[in-house]
Amino acid sequence: MAEAKKKLLTYAGLKALEDELENLKVVKRKEVAEKIKEAREQGDLSENAEYDAAKDEQRDIEARIEELEGILKNAEVVVEDEVDFDKINVGCTVKVYDITYDEEMEFKLVGSTEANSLEGKISNESPVGQALIGKKVGEKVIVETQAGDIEYEVLEISRSK
């Protein structure tokens, strides 16, 4: 069996996943077990929508627990205190100037598990993330996207907030 790919995580991302796993195992499992018990007590399970919904929820919880355990088992934590801020790497915040659209943007570079564009967290595996990794302040990079090529200039690299 092929070895699973290492998942890069910041310490904050690791903590969030561990907290979610703990909540699912300790709280959510008990809640759904109680729902199943209550639904069983209503009698005929063949036409019991509450029972079916609770079983579906239980399946979803168990799948998420398995997914989280897999991620955590293969996690490699980026020690943000040891990140070199001379060049862009996972665990740093980067401010860029979007030459194509004439605007400044700020990204936090994280592992793919933590990526969330709404929070400004981009994956090191995304087209933008891949293009920025290893770049220094003042360097320009062209990123191929579905919307066409976008050119960025690196303005600032800092410790993630």
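About the cut-offs
Residues numbered from 1 in each chain as written. Predicted model: local features only at pLDDT ≥ 70, side-chain atom pairs only at ≥ 80, totals over all residues. Heavy atoms only, no water. Pairing = 2+ DSSP bridges. Helix = DSSP H or I, 4+ residues; strand = E, 2+ residues; numbered from the N terminus. Axes fitted to C-alpha atoms, helices over the stretch in contact; angles between N-to-C directions. Expected span 1.5 Å × (residues − 1). Buried < 20%, exposed > 50% of the residue type's maximum accessible area, 1.4 Å probe, protein only. Contact = heavy atoms within 4.5 Å. Polar contact = N/O pair within 3.5 Å; in protein donor to acceptor, adjacent residues only side chain to side chain. Core = buried A, V, L, I, M, F, W, Y, C linked by side-chain atoms within 4.5 Å. Phe/Tyr/Trp six-rings, centres within 6.5 Å; stacked < 30°, edge-to-face > 60°. Parallel < 35°, antiparallel > 145°, perpendicular 65-115°, else oblique. Left-handed = near helix turned anticlockwise from the far one by under 90°. Nonpolar A, V, L, I, M, F, W, Y, C, P; charged D, E, K, R; others polar.

Caption draft 1: The arrangement of the sheet that holds strand β7 (residues 148-159) in detail. With respect to topology, 5 strands assemble into an open sheet ordered β5-β4-β3-β7-β6, the strand pairing being mixed. Where the open sheet ends on each side, the last strands, each with one partner, are β5 (121-123) and β6 (140-145). Ignoring strand direction, the axes of neighbouring strands in this sheet form an average angle of 45°. Alignment of strand β3 (residues 92-98) against strand β4 (residues 103-110), held across 6 bridges, turns out to be antiparallel. The partner of V94 across the bridge, within β4, is F107.

Caption draft 2: Layout of unusual backbone geometry. A positive phi angle is found at D102, which is not glycine, with a value near 50°. With respect to the helices and strands, the residue D102 is situated in the loop between β3 and β4.

Caption draft 3: Representation of the environment of K15 in the model. Locating K15 in the fold gives a position in helix α1 (residues 11-40). Residues K15 and V78 lie 63 residues apart in sequence; the distance between their C-alpha atoms is 12 Å.

Caption draft 4: Fine view of helix α2 (residues 49-73). Compared with an ideal rise of 1.5 Å per residue, which puts 25 residues at 36 Å, α2 spans 36 Å between its outermost C-alpha atoms and is within 8% of the ideal. Listed as buried for α2 are Y51, A54, I61, I65, L68 and I71. Structurally, α2 contributes buried residues whose contacts are with β1 (7-10), α1 and β2 (75-78). For α2, the side-chain oxygen to backbone nitrogen distance between the N-cap and E50 is 3.1 Å, and the N-cap itself is N48.

Caption draft 5: A look at the nonpolar core. Of all hydrophobic cores here, the largest spans 16 residues; its most connected members are I88, V94, F107, V128, L132 and Y152. Breaking this core down by element, the ones donating at least two residues are β3, β4, α3 (127-132), β6 and β7. Considering each element in turn, this core owes the most residues, 4 residues, to β7. Core analysis: the next-biggest nonpolar cluster, separate from the first, contains 14 residues, L9, L24, V32 and I71 among them.

Caption draft 6: Structural context of the packing of aromatic side chains. Applying the stated criterion across every chain, the model contains 1 aromatic pair. Judged by centre distance (6.3 Å) and plane angle (90°), the ring pair of F107 and Y152 falls under edge-to-face. Taken together, the residues span a long stretch of sequence, with F107 in strand β4 and Y152 in strand β7 at a distance of 45 residues. The buried category is assigned to F107, whose relative accessible area is 10%. A relative accessible area of 4% places Y152 in the buried class.

Caption draft 7: Local environment of the environment of G129. With respect to the helices and strands, G129 occurs in helix α3. Looking at G129, the relative accessible area reads 0%, which means it is buried. Separated by 40 residues in the primary sequence, G129 and N89 place their C-alpha atoms 9.0 Å from one another. If sequence neighbours within four positions are ignored, G129 has contacts with L109, I122, S123 and N124.

Caption draft 8: Structural detail: the packing of α1 against α2. At a minimum axis separation of 9 Å, α1 and α2 run at an interaxial angle of 160°. The orientation of α1 with respect to α2, classified from their angle, is roughly antiparallel. The crossing of α1 and α2 is left-handed. Split by residue class, the contact of α1 with α2 holds 14 nonpolar, 1 polar and 13 charged.

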